[in-house]
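Each chain, written out:
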Amino acid sequence: MKNKILVTGGAGYIGTHTCIALHEAGYEIVVYDNLSNSSREAINRVSNLIGQPIEFIKGDIRDAEAMRNVFSSHHFFGVIHFAGLKAVGESVAKPLLYYNNNVSGTITLLEIMAEYGVKNLVFSSSATVYGDPETLPIDENSKRSCTNPYGQSKLAVEYILEDLTVSDNSWSLIALRYFNPVGAHSSGQIGEDPNDVPNNLMPYISQVAVGKLDKLNIFGNDYPTVDGTGVRDFIHVTDLAQGHVAALNYLEGQINTGKRDSVGFLPINLGTGKGTSVLELVTAFSKVSGQPIPYKFAERRAGDIASCYASADKAKNLLDWQAKLSITDMCQDSWRWQRMNPNGYYIK
Ligand code: NAD
Ligand code: UDP
């Protein structure tokens, strides 16, 4: 058995997939989640998939006492920190909620980690910190700028992590900047389960395919892209989960070889390096599912950019990680999850 890891937000979409990958890689995990955007059922399914119960604690990262209880009863090597709110539109309507949850919550977590001498962290950042990129593919040195409170909260946490490592170089803090996570576990047992009508493209397409939604609105067909629709770097959530294992392995490697002080704040893109347009994804999904995906072109969505895809070199060179799964795999797995769970996890 390898080191023990605290997974905040481990009941969520990316967290559940990462719990499986961590377990398969031999890590012991403790999940801490307030279930504000997930369900107990997701944890039950992860337990079934790994064939043993998961240690789950229901709690909020802003609750310092509850966190102290967790840290005092476990010896963690590090934390993978998924807990956060993620809806861009909601963040515009409720900025205080987003700053409180995502920024204050992370500060509380870091304070408790400092108290208990746990100084290794993998943080869920986002390609959104790059705003409208000046050049493509986007590498980690690109300028950062955000236009909405959700993005600002991610950027604020990145700055906090950076400052922390300047103040004390025994912190090792990796910010994984995810591009567009899609897909689901190949078993069809866990996947993305939006509460309302999905904001994101892939869950929207799958709900159209399964007949829950009538048609997809494609936001903009006049972008300077291959077919006029937006281009994104879609990455399979299973690949993304493996990226977290690779990040932890990297941290362990640095520490075991006496290079703890050299990690500092390390931002790393997790993307495939390939751009796919909205229309290309619709066509791929339709082919895989055998279902028509009716769509209409609509106005551009405020705040959207034309194209966004990663330079994935740093992850390959430093973490020895690269995405393996294709757009077809992403569509197949999203479709299997959607078909098997037309109403998500049911139990909220
Ligand atoms: P998710 O909503 O499915 O998972 C987040 C989990 O955190 C949920 O289970 C939620 O209940 C929990 N949570 C939220 N606030 C909490 C709090 N205060 N205390 C304890 N638990 C709390 O989201 P996801 O898609 O799995 O995303 C995970 C992380 O990755 C988030 O930080 C998100 O911002 C980031 N991210 C996601 C995407 C994406 O497209 N899914 C892209 C880039 C970055
Ligand atoms: N999109 C769309 N219709 C939708 C949802 C999204 O046309 O119902 C487009 C969106 O304009 C963008 C791409 O799909 O070009 C990816 O959007 P998503 O919200 O999934 O991720 P984002 O890149 O905005 O984080």
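Above: the structure in question.
Residues numbered from 1 in each chain as written. Chains lettered and ligands numbered in written order. Predicted model: local features only at pLDDT ≥ 70, side-chain atom pairs only at ≥ 80, totals over all residues. Heavy atoms only, no water.

**Thoughts on the site of ligand 1**
And then number 1: Neighbouring ligand 1 are 27 residues, the closest being D33, N37, S38, K86 and Y150.
And then number 2: The separation between an oxygen atom of ligand 1 and a polar main-chain atom of I14 is 2.8 Å.
And then number 3: For ligand 1, the protein covers 95% of the area, taking 820 Å² as the surface of the free molecule.
And then number 4: It is strand β5 (residues 120–126) that provides the largest number of residues to the shell around ligand 1, a total of three residues.
And then number 5: Each residue belonging to the shell around ligand 1 can be placed in one class, and the counts come to 10 nonpolar, 12 polar and five charged. (Near = heavy atom within 4 Å. Polar contact = N/O pair within 3.5 Å; in protein donor to acceptor, adjacent residues only side chain to side chain. Areas by Shrake-Rupley, 256 points an atom, 1.4 Å probe, with all protein chains shown as cover. Helix = DSSP H or I, 4+ residues; strand = E, 2+ residues; numbered from the N terminus. Nonpolar A, V, L, I, M, F, W, Y, C, P; charged D, E, K, R; others polar.)

**Considerations on the sheet that holds strand β11 (residues 264–270)**
And then number 1: On the basis of which strands lie adjacent, the open sheet formed by seven strands has the order β3-β2-β1-β4-β5-β6-β11 and parallel pairing. The open sheet terminates on both sides in strands that have one partner only, identified here as β3 (55–58) and β11. Recorded for the sheet is a direction-independent mean angle of 20° between the axes of neighbouring strands.
And then number 2: Bridge count for strand β1 (residues 4–8) against strand β4 (residues 78–81) is four bridges, and the pairing is parallel. Bridge pairing in β4 places V7 opposite I80.
And then number 3: Strands in contact with helix α1 (residues 13–24) are β1, β2 (28–33), β4 and β6 (172–178); relative to β2, the strand with the most contacts, it is inclined by about 165°.
And then number 4: Helix-sheet contacts for helix α3 (residues 64–72) involve β1, β2, β3 and β4, and the interaxial angle to β2 is about 170°. (Pairing = 2+ DSSP bridges. Axes fitted to C-alpha atoms, helices over the stretch in contact; angles between N-to-C directions. Contact = heavy atoms within 4.5 Å.)

**Re the site of ligand 2**
And then number 1: What surrounds ligand 2 is a group of 14 residues, the closest being L201, N217, R232, R301 and D304.
And then number 2: With respect to ligand 2, the side chain of R232 contributes an N or O atom lying 2.6 Å from an oxygen atom.
And then number 3: Between D304 and ligand 2, the recorded distance is 2.5 Å, taken from a side-chain N or O atom to an oxygen atom.
And then number 4: Where the shell around ligand 2 is concerned, the elements lending two or more residues are α7 (201–209) and β8 (216–219).
And then number 5: The element best represented in the shell around ligand 2 is β8, accounting for four residues.
And then number 6: Tallied by class, the residues present in the shell around ligand 2 amount to six nonpolar, five polar and three charged.

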